[in-house]
Structure formats: C-alpha cells, structure tokens
Amino acid sequence: MKLPELILKQIIDELLSLITTDYNNASSEEDTFLYQVFNGNVLDGFDFYKQAREVFLRTSDNPRKLETRIMFDASRAKLPTIHVVLPSENLGKNNSLGVNRSDENFVRSDDVLTPLYGRSFDIIYQLAVTSGNPMETILIYQGLRLG
Amino acid sequence: MIAISDSLEYNGLRLPNLSGNDLNIDDGLMPNVYTRALSVEVDFEFKVPSLIKHTMLNKIIFEKPETYEK
C-alpha cells in the first residue's frame, strides 16, 4: 500500500514535469499550457505568462527551482515551494458496519490466511504555496490549481 | 489539479474537491513569506492486513475409535 501523502507528492512532481515537457515539445508557443492559462494577465507590470515561464521552467541547477515538500519546511519558506500538509482527516462516508472486511477478504500464503481490513478516510490535504514574492505565490497557486 | 484530476482518481485519491485560501504566517516568525493554500479533499481507502493470522484448514482425518464394535 502506498501512503496518500506520497501519492499526492508524486502527482504534483509529475504535474510540474508535465508543464515543462508540454512547453518544450509544443509546436508553437500558443499551444502551450502556460500560454493558454496565463497569457494576457498583467498587473502593475507583472506579466504572469512571462513570469510563469521563468518559474515553472527552472532547471535543477537553479536554487529557486519550484520544489515539493512533505510537511511544512520552514527552511524553504522563502523559496518557491509547495508544502503538502494535513489539516484534517476524518472517517470516510463509504465504510461498512463492524470491522469492515475488505472486498478482497484474505491474503493466502501456504496454510496461513491473513484477513484484510479496510477503512476509508475523508482527508483534506493543503498544498501550501510559499515564496518570498506575493505575485510569484499567486502564480504558482494558479498553475497548481489549473494544472 | 484540475487538468490532472484523473490521475488523482486512478491513484486512489477518490472524489477530489478543491478549495483555497490565503495563509497568514506570523510575520515575526517568518518575515516576508507569502503563502496561499490549495485544499484538496479526497476519499482514500486504507487496506491493511490483520496482525492475527489464521491457519487454514487443509485436511480432515476420520479415525475409527478403538472401542468401536460392529
């Protein structure tokens, strides 16, 4: 079983990688995800599309490359970072009565049967976007939400 | 998260709901840090094996009692 935090982090990392791949492989700039999402949004000289290319296409050798962390990593709070935190988790709605035997009831190994139990949880993860620049925070938030 | 919502479902993070808000971190603790949070609410099922094992019944032996007389 893979832990949900790790699944979510992996999906976010793949999303960031997909944005880069989409931009690099597009036949024209107008076809890119970043162009379609951010182009035309300008506020007080801050061009969201121009800055989105700068933020999302940074490579690993750039110390300000957007990264993902499990839990809140205060040491990276001033850098563009997505922190996966867990504000709340409750028992889910799709549970049976009793001990909730899973639909795959047993694991069999030689002459030993191990019952499997299942419980669903209603989990709220917060993807906290931090940066030392407020416009950059908004930019990453929108890219993460729409991506 | 919207464009890749299928990936959430396929990986067991079911019925995703999105919402968002600004977070205000104490400026004394972390000055000049700007934070906004995207909340992702999902339904996830944990499946765990029991720590108590059961030995499986794999044969039945019939024995004739010694006192048995026809």
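Quick summary incoming for the structure in this document. (Residues numbered from 1 in each chain as written. Chains lettered and ligands numbered in written order. Predicted model: local features only at pLDDT ≥ 70, side-chain atom pairs only at ≥ 80, totals over all residues. Heavy atoms only, no water.)

1. Structural notes on the side chain of A:Arg58
Residue and element names in this part refer to chain A.
No. 1: Inspection of the secondary structure assignment puts Arg58 in the loop between helix H3 (48-56) and strand E3 (67-70).
No. 2: Here Arg64 takes part through its backbone oxygen, which lies 2.8 Å from a polar atom of the side chain of Arg58.
No. 3: Side chain to side chain, Arg58 and Glu136 meet in a polar contact 3.4 Å long.
No. 4: Sequence-distant contacts of Arg58, that is, excluding residues within four places in its chain, are made with Arg64, Lys65, Pro80 and Glu136. (Helix = DSSP H or I, 4+ residues; strand = E, 2+ residues; numbered from the N terminus. Polar contact = N/O pair within 3.5 Å; in protein donor to acceptor, adjacent residues only side chain to side chain. Contact = heavy atoms within 4.5 Å.)

2. As for the pairing of strand E2 (residues 34-49) of chain B
Consecutive side chains of a regular strand alternate in pointing toward one face of the sheet and then the other.
No. 1: Judged from the 16 bridges that link them, strand E6 (residues 112-131) of chain A and E2(B) form a sheet pairing that is antiparallel. Bridged to A:Ile124 within E2(B) is B:Glu41.
No. 2: The sheet contact formed by strand E1 (residues 14-23) of chain B and E2(B) spans 8 bridges and is antiparallel. Across the sheet, B:Asn21 pairs through a bridge with B:Ala37, a residue of E2(B). (Pairing = 2+ DSSP bridges.)

3. Regarding the pattern of salt bridges
Residue and element names in this part refer to chain A.
No. 1: Counted under the stated rule, the structure contains 11 salt bridges over all chains.
No. 2: Here Arg64 and Glu136 are joined by a salt bridge, their closest N and O atoms 2.7 Å apart. Here the residue Arg64 occupies a position in the loop between H3 and E3, and Glu136 occupies one in helix H4 (residues 134-146), the gap between them amounting to 72 residues.
No. 3: Note on Glu136: relative accessible area 7%, which makes it buried.
No. 4: For Glu67, the salt bridge goes to Arg69, with nearest N and O atoms at 3.0 Å.
No. 5: The partly exposed category is assigned to Glu67, whose relative accessible area is 28%.
No. 6: A cluster of three or more residues bridged by salt bridges with shared partners is formed by Glu54, Arg58, Arg64 and Glu136. (Salt bridge = Lys/Arg side-chain N within 4 Å of Asp/Glu carboxyl O. Buried < 20%, exposed > 50% of the residue type's maximum accessible area, 1.4 Å probe, protein only.)

4. Some points on the packing of H3(A) against H4(A)
When two helices pack together, their arrangement is given by the angle between the helix axes and the distance between those axes.
Residue and element names in this part refer to chain A.
No. 1: Look at H3 against H4: their axes get within 10 Å of each other, and the N-to-C directions meet at 80°. With respect to each other, H3 and H4 are oriented roughly perpendicular. Residues Phe48, Gln51, Ala52, Val55 and Phe56 of H3 form the contact with H4, whose own contacting residues are Met135, Glu136, Ile138, Leu139, Ile140 and Gly143.
No. 2: Looking at the contact of H3 with H4 residue by residue, the class counts come to 8 nonpolar, 2 polar and 1 charged. (Axes fitted to C-alpha atoms, helices over the stretch in contact; angles between N-to-C directions. Parallel < 35°, antiparallel > 145°, perpendicular 65-115°, else oblique. Nonpolar A, V, L, I, M, F, W, Y, C, P; charged D, E, K, R; others polar.)

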